[in-house]
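Structure at a glance
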Amino acid sequence: MEPTTQSKPPAPGNGGTNGHTLIHLDGVTKVFFTDEVETHALSGIYLDIRRGEYLSISGPSGCGKSTLLSILGLLDSPTDGKYTLNESPLEALSISDRTRIRNREIGFIFQAFNLIGDLTVYENVELPLTYRGMPGSERRQRVQEALERVGMSHRVKHYPAQLSGGQQQRVAVARALVGKPSIMLADEPTGNLDSKNGEAVMELLRDLHREGATICMVTHDPRYADFAERTVHLFDGRIVEETRA
Amino acid sequence: MSTLFQDVRYGLRMLAKNPSFTVVVVVTLALGIGVNTAMFSVVNGVLFDPLPFPEADHLVAVHGSKPNFLRGSISYPNFLDWQKDNHCFSAMALYRGTGMSLTGLGEPERLRAEYITSDFFTILGVKPVIGRNLAQGEDGIGAAPTVLISEGLWQRKFGASRDVLGKTLSLDGRGLSVIGVVPASFHLDSVIAGAMDRDVYVPIGQWGNNALTVRGAGLGLHAIARLKPGVTIDQARSDMSVVTQSLAQVYPDNDRGLGATIDPLKESVTGRVRSILLVMLGAVGFVLLIACVNVANLLLARSAGRSQEFAIRAAMGAGNWRVMRQVLVETALMAFLGGALGLVMAAWGTHSALAALHVDLPRAWAVGVDAKVLLFTLGISIFAAILFGLAPALKITRPDLVETLKEGGRGGSGTRHRIQSAFVVVEMAMAFVLLIGAGLMLRTMARILNVNPGFEPHNVTTFSYAFPPALAGSSAETVRAACRQLNQKLASLPGTEAVSLSWAAFPLGNEDDENFWMEGQPKPPSAYEMNWTLTYVVEPGYLKAMGISLKHGRFFTEQDNPHSPPVVVVDEMFARKFFPDQDPIGKRIHLNNTDQLAEIVGVVGHVSQWGLDSDEANPLRAQLYHAFGQLDDAPMKLSASGIGVVIRSSVAPAALIGSIRKATGELSSDRVVWGFESMDEIISDSLASRRFSLMLLGAFAATALLLATLGIYGVLSYLVGQRTHEIAVRMALGAQKRDVLRLIVGEGMVLALAGVGFGLVGGLALTRFVSTLLYNVQPTDPLTFITVSILLAVVAVAACFIPARRAAKVDPLAGLRYQ
Ligand SMILES: Nc1ncnc2c1ncn2[C@@H]1O[C@H](COP(=O)(O)OP(=O)(O)OP(=O)(O)O)[C@@H](O)[C@H]1O
Ligand SMILES: [Mg+2]
């Protein structure tokens, strides 16, 4: 796939934050230094994500999609550039503050589900709330709601190993949305699922979006990319194209 | 066979490939096997090996039994009758330890001596190196003076020359002709519990103690005997009871109520330490179990890492058995290496450990590595191999395929760690039990050290003194004068505050007793129906020298002499027992030994005679003091050959020894002074076997704690390693560092607390086995249980903290990427 247009830094004024902008990336770069090799995983990303938006990121393997998602999810910090979330800059935060923001503002959905095998479905979903220090009764209600939302409330006492892949991913979605985050980040959420289960998960995400959730998803699959309102195409660490549904 | 050889070669290569793993496993095993081998070699040498005499199971110890006193002494006339009248023994012999001054052969010196009767060595089957044993009749009163000397003395004083036979040895001023040399391989503590080896063996007839012919005298004589072939110990007991009963008819005055107690000699020699040693053997068994569990856990962890290797082997057609055999071979190799190293440690360490602990363990010389010990080591090595090798081997042959596959998909992971966790709980529980044991010992020690001995031990020096042998033949008056001179000389030493000579019983040392009855009452028909008391013979300075308190009346003065009316002082226990609700002062008692009527003039505080921890248990606690100045002529003359001295000083006892030697040397160069010991040392020595059990159990408990700590640390480290991904997920979801710390430490704590829980149950069940070793401490002592619980919990937290810290450092991104 050849890039057709070169993405340009947005004009000043256009890139400023306003009430609708949740995330603002300004010239974000990421360089990995390993064994005397520098890998430029991201080279100058300018990206705004609005509240309530459903964004998908696509691109060939190794183009930097996961890296971008990690930075968005505060799992990693950029080598250079600015990241503004909810109008507050995140550069100077301590690890503990970043953890707290991650816990409150971000919901993760992983390709490999990443449920904790020793915990029940209920406990897995409860986890983000536990780390927030939320009182038990409120936690119970939220977990119940979230599991009902993904259609897994009948399996609260099961362990992940007792569920199918599709069910596991639905629990993972419940875990991502239980904390009512500002944004849900999904990295290839259907990668480990067959097409039927994959579609079910994609429909779940679309429904959540319709109810107002902000979603940013990485996917290879063009069919699923179409679920999103907007798709950014990444190549070699740069945004090379944007398409709207 | 060739495939087995292949397995061994491959196993050795695997061990060499992971040197640190191999070293940890082998050293852990060596530690466990080593302490077990060491402890077993002690128990084997001391308890299990037969006594080193021919047909040793026919040897018995014989004591006189009186009401309340099962193992008392036998008077010489009774012994002669027992010897003559019994039908169960092929021979009997009497013995009594003493000290004698050797003069005329260089520096005068004090020798350890044993009075014996003729059959003593023939019963034991001990043959002299040169010369002969005593012949029948040579032991009697008035027989020609003879002596057997030890091989050590023979070499030291006579250069091991055969000319020694027939030479005359001057002992306590009397010439005894040497007739034989006792081999150095003979150890008296194989006959008498805790006895030191002697320099000379003297026929009892040479004692020159008039009381020897008194049927009622208790002179500390005990006997050994050899059962006739085919005679059982029970038959001997009933035979001896016939003998003693008929003697009671003939001599009702002295022998009424007197019987004979017969014990197997082995039991009599080792009974004292039996329970301690068996408790210790049990304790080291725990250490080995913990070591095995630790190793099992290490192997489990490693087998998880090697599952791929095993899968490939299986894929290439290796059967279950083949794979399992590979594991078993490696296990056996490690057990073998651990056992060999443990054996080396035990062989080298046991004697130095015994020496370092200052143990007065009977028959310690018999401790060593013999075939039985080797067999034991081999046995426990195999046992250990099975114990620690079984779980991992089973794990491999029953791989949970479904689970393994699910794990690839980040499914369940819990069950695999359940065995390891259970092992940690078991380790913790066993360490807990050992710590409880050590804690109870420690509490016991503290309780004992808090016991008031009834005297002030600090800055009190005791020693023994023998006047020049020439004095033995002189009159009682001359001896009395010499004693006065000695007292004055010592009292004039700088720093001396009080001095007393002492004869008969001494606290935590000599025991001596006598019988009496109350004035105004008819004389009881036999000594055993009279009242019974400990008896001390001391000078006026004794009360101050020992720091004993005066309760009523007065203590002795210089005016209490042979010409003044006989007076005695009693202790509170005596007063309470024999004069309840009365003032004993002014009362008079008939003394059976001297046939005197003596007036009680004072009451003093009770002192511990039998030991700080065992005084209350002894039936004989009443204490009676005589004035040394009023001692009869006969015992006064005897005292010339050896008397005790007590000095209280303002300077430390160690600083006094030199000036005592010098000052007494000025009195006579022929005197012998020996046995310097401060009262503090005497107390400390009296607790030696307690300290032995405390230190040993403490060491084992510490080892157990160390191993259990390593165990919990190892398992948590392993779990953290396995759970990097899970921890990363948790961190991605917002777990702070402290949450992760709390998670890991919390899991460690669950294991530790479960261990404490099971330990509590085990402790409550097992501590009754140590109850005989405790003093004033309940086996369920709450303080000990609580302290140990806290200690174990704290140590466990500390052990969990390192892996927990590592977990908190997990980089969530890296952890998630590693899928
Ligand atoms: N921790 C790291 N250290 C070094 N290089 C890294 C690291 N993480 C990512 N990279 C490199 O950065 C580049 C982008 O990787 P990234 O995982 O973001 O790709 P991706 O677009 O998600 O690919 P895929 O579609 O295969 O998941 C790659 O060249 C990768 O090798
Ligand atoms: Mg990726």
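All values reported here derive from a predicted model rather than from experimental measurement. (Residues numbered from 1 in each chain as written. Chains lettered and ligands numbered in written order. Predicted model: local features only at pLDDT ≥ 70, side-chain atom pairs only at ≥ 80, totals over all residues. Heavy atoms only, no water.)

Residues and elements named next belong to chain A. Across the sheet, four strands lie side by side as β2-β1-β4-β5; this open sheet has antiparallel pairing. Edge positions in the sheet fall to β2 (37-50) and β5 (88-89), since each of these pairs with one other strand and no more. Pairing between strand β1 (residues 21-34) and strand β4 (residues 80-85): five bridges, direction antiparallel. The residue bridging His 24 from the neighbouring strand is Thr 84, located in β4. Helix α1 (residues 65-72) rests against β1, β2 and β4 of the sheet, and its axis sits at about 120° to β1. (Pairing = 2+ DSSP bridges. Helix = DSSP H or I, 4+ residues; strand = E, 2+ residues; numbered from the N terminus. Contact = heavy atoms within 4.5 Å. Axes fitted to C-alpha atoms, helices over the stretch in contact; angles between N-to-C directions.)

All right, on to the domain arrangement of chain B then. The domains assigned to chain B are domain 1 (1-54 + 271-411), domain 2 (67-257), domain 3 (430-448 + 688-819) and domain 4 (468-670). For domain 3 of chain B and domain 4 of chain B, the distance between their C-alpha centres works out to 55 Å. (Domains from an automatic or database assignment.)

Residues and elements named next belong to chain B. Among the eight residues of strand β1 (residues 59-66), eight are classified as buried, and the element is accordingly described as predominantly covered. Side chains of β1 alternate between two faces, with Leu 59, Ala 61, His 63 and Ser 65 and Val 60, Val 62, Gly 64 and Lys 66 buried alike. Of the strand pairs in this sheet, β1 and strand β9 (residues 222-227) are connected by four bridges, and their pairing is antiparallel. By the bridge assignment, Val 62 is partnered in β9 with Ala 223. With six bridges joining them, β1 and strand β10 (residues 259-264) adopt antiparallel strand pairing. Pairing of Ala 61 across the sheet is with Asp 263, part of β10. Connecting β1 to the next strand, strand β2 (residues 69-72), in antiparallel fashion are two residues, including Asn 68 with a positive phi near 70°. (Buried < 20%, exposed > 50% of the residue type's maximum accessible area, 1.4 Å probe, protein only.)

Before going further, it helps to spend a moment on the packing of helix α3 (residues 121-130) of chain A against helix α4 (residues 136-150) of chain A. All names here are of chain A. Between α3 and α4, whose axes approach to 10 Å, the crossing angle comes to 125°. It follows from the interaxial angle that α3 and α4 lie oblique. For the pair α3 and α4, the crossing hand works out as right-handed. Across the interface between the two elements, Val 121, Tyr 122, Val 125, Glu 126, Leu 129 and Thr 130 from α3 touch Arg 139, Arg 140, Arg 142, Val 143, Ala 146 and Leu 147 from α4. Residues of the contact of α3 with α4, tallied by class, amount to seven nonpolar, one polar and four charged. (Parallel < 35°, antiparallel > 145°, perpendicular 65-115°, else oblique. Left-handed = near helix turned anticlockwise from the far one by under 90°. Nonpolar A, V, L, I, M, F, W, Y, C, P; charged D, E, K, R; others polar.)

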